[in-house]
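# Notes for the structure review
Read off the chains here:
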Amino acid sequence: MTEAILLVGGKGTRLRPLTVYTPKPMVRAAGVPFLTHQLARARAAGVEHIVLATSYLAEVFEPYFGDGSALGLHIEYVTEEEPLGTGGAIRNVAGRLRSGPDDPVLVFNGDILTGLDIRALVDTHETTGADVSLHLTRVADPRAYGLVPTDGTGRVLAFLEKPQPPEEIVTDQINAGAYVFRRSVIDTIPADRPVSVERETFPDLLAAGAHLQGMVDSTYWLDLGTPAAFVRGSADLVLGRAPSPAVPGRCGDRLVLPTATVAPDAKVTGGTVVGEGAYVAEGARVSGSTILPGAVIEPDAVVTDSLIGARARVGERSVLTGTVIGDGAVVGADNELREGVRVWCDARIPAGAVRFSSDQ
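Predicted model only: the values in this text are computed from it and were never measured.

Conventions used here
Residues numbered from 1 in each chain as written. Predicted model: local features only at pLDDT ≥ 70, side-chain atom pairs only at ≥ 80, totals over all residues. Heavy atoms only, no water. Helix = DSSP H or I, 4+ residues; strand = E, 2+ residues; numbered from the N terminus. Rg over C-alpha atoms; globule rule 2.2 N^0.38 Å. Buried < 20%, exposed > 50% of the residue type's maximum accessible area, 1.4 Å probe, protein only. Contact = heavy atoms within 4.5 Å. Patch = residues over 30% accessible without salt bridge, like charges linked within 9 Å, V, L, I, M, F, W, Y side chains within 5 Å. Areas by Shrake-Rupley, 256 points an atom, 1.4 Å probe, with all protein chains shown as cover. Salt bridge = Lys/Arg side-chain N within 4 Å of Asp/Glu carboxyl O. Lys, Arg positive; Asp, Glu negative; His and termini not counted. Charge placed at Lys NZ, Arg CZ, Asp CG, Glu CD. Core = buried A, V, L, I, M, F, W, Y, C linked by side-chain atoms within 4.5 Å. Pairing = 2+ DSSP bridges. Axes fitted to C-alpha atoms, helices over the stretch in contact; angles between N-to-C directions.

### Let's talk about the overall build of the protein
Summing up its helical and strand segments, the protein has 7 helices and 30 strands in all. By the compact-globule yardstick of 21 Å for 360 residues, the protein fits well, its C-alpha radius of gyration being 22 Å. Counting only C-alpha atoms and orienting by the principal axes, one finds that the protein spans roughly 70 × 50 × 35 Å. Counting the 360 residues in the protein, one finds 56% classified as buried. Look at the contacts in the protein between residues 6 or more apart in sequence, and 51% of them connect residues 24 or more apart.

Here you go:
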């Protein structure tokens, strides 16, 4: 099995302002673009040829990854002129595939961090003779996901999109966003129009009697669609909780990249990444956070579970918890920003302008 499709065309609207200038798969997690982790894991599983299905800010990918040779891959790029959805994107790149009609083709969503055993998913696909095989994982609260009940052999019985009434929640198994397609099945997806594999392709295949197989793999799995999840995913990569051969350094409590500077008495913990050229000043405390290249954390600032954009600045004694600071933004001294706050790119917050507690 040597081919894969990576779906990286989404706009990443839930991650804004991180994705104003950067497509979601290129936002840095554990020091490198998140997509790097997916490519490296695919290569480690034996994939050699990958087609990237791009759309939003498509021009960013190829200058960074080139032909893929640095990762031991051959990468091709196909850009959608108009967004085509998951199924439409898969169909749109079919002409770049080299597989025979019965060969397996891996498909990954570009915003899932997972410890999936890729080889096991392919083996399941081949041994069961499935038309499509799906990675399934179990979650405590499945209401926000598409449910995928299966029979005793793992054969898929139905697709239930985001059920709400309790009687509709018949399983805790959800579609985890990684698939193996029989190559010929990809050619049956309608061309040149938006198609959702979750809402159209898979249910239609099931109705037509196709064999869809589920494989439950409940190792690490995280949808990086929100800023809080993205920051947590990056920290988990640094801490070694999420597996990736692409982390640029040893796993541990922090990852300080070359040319970054951390003052001797600053405290950087919890899987924090300090990007190239960034500076964490004396007395600062940073935990579970991502500090992107060129950012500055000034003296005695406290940053927890937050993402500080490239070239952004957090002023002295400011306290940030669960926040996102866009590229080039400045948070003045003595501010207090709490969970869910997003400061847009290049915005400026004056000293002492935002607080949740008294100034004492």
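Additional details are given in the paragraphs that follow.
### Here's the deal with a negative patch on the surface
Together, Asp 103, Asp 117, Asp 123 and Glu 126 make up a negatively charged patch on the protein surface. Among the structural elements, Asp 103 can be located in the loop between helix H3 (85–92) and strand S6 (104–109).

### Describing the environment of Gly 154
Take Gly 154: it is sitting in the loop between strand S9 (146–147) and strand S10 (160–161). Separated by 134 residues in sequence, Gly 154 and Val 20 have C-alpha atoms that sit 41 Å apart. Those residues within four positions of Gly 154 in sequence are excluded, and the remaining contacts are Leu 212, Gln 213 and Gly 214.

### Here we look at the nonpolar core
Counting 29 residues, the largest nonpolar core has Ile 5, Ile 90, Val 132, Leu 134, Phe 181, Phe 202 and Leu 212 as the members making the most contacts within it. The set of elements that each furnish at least two residues to this core consists of strand S1 (3–7), strand S4 (49–54), H3, S6, strand S8 (132–138), strand S11 (173–182), helix H5 (183–186) and helix H6 (197–207). With near-sequence residues (within four places) excluded, Ile 90 lies in contact with Ile 5, Leu 7, Val 107, Phe 181, Ile 186, Ile 189 and Val 197. Counting 25 residues, the second-largest nonpolar core is a separate cluster that includes Val 8, Leu 39, Leu 73 and Phe 108.

### Quick look at the pattern of salt bridges
Applying the stated criterion to the full structure yields 16 salt bridges. Ionic pairing is found between Arg 98 and Glu 76, a salt bridge with its closest N-O pair at 3.9 Å. Here the residue Arg 98 occupies a position in the loop between H3 and S6, and Glu 76 occupies one in strand S5 (residues 74–79), the gap between them amounting to 22 residues. Exposure remark for Glu 76: the relative accessible area of 16% places this residue in the buried category.

### Concerning the sheet that holds strand S20 (residues 290–291)
Read across the open sheet, the 6 strands follow the order S14-S17-S20-S23-S26-S29; overall the sheet is parallel. Two strands lie at the open edges of the sheet, namely strand S14 (254–256) and strand S29 (342–343), each paired on one side alone. Packing of helix H7 (residues 227–239) onto the sheet brings it into contact with S14, strand S17 (272–274), S20, strand S23 (307–308), strand S26 (324–325) and S29, and relative to S17 it is tilted by some 85 degrees.

### A closer look at the environment of Leu 121
By the element assignment, Leu 121 lies in helix H4 (residues 118–128). Residue Leu 121 is classed as buried on the basis of its relative accessible area, which comes to 0%. Separated by 15 residues in sequence, Leu 121 and Leu 106 place their C-alpha atoms 9.3 Å apart. When near neighbours in sequence (up to four residues on either side) are disregarded, Leu 121 contacts Leu 106, Leu 116, Ser 133, Leu 134, His 135, Ala 178, Tyr 179, Val 180 and Met 215.

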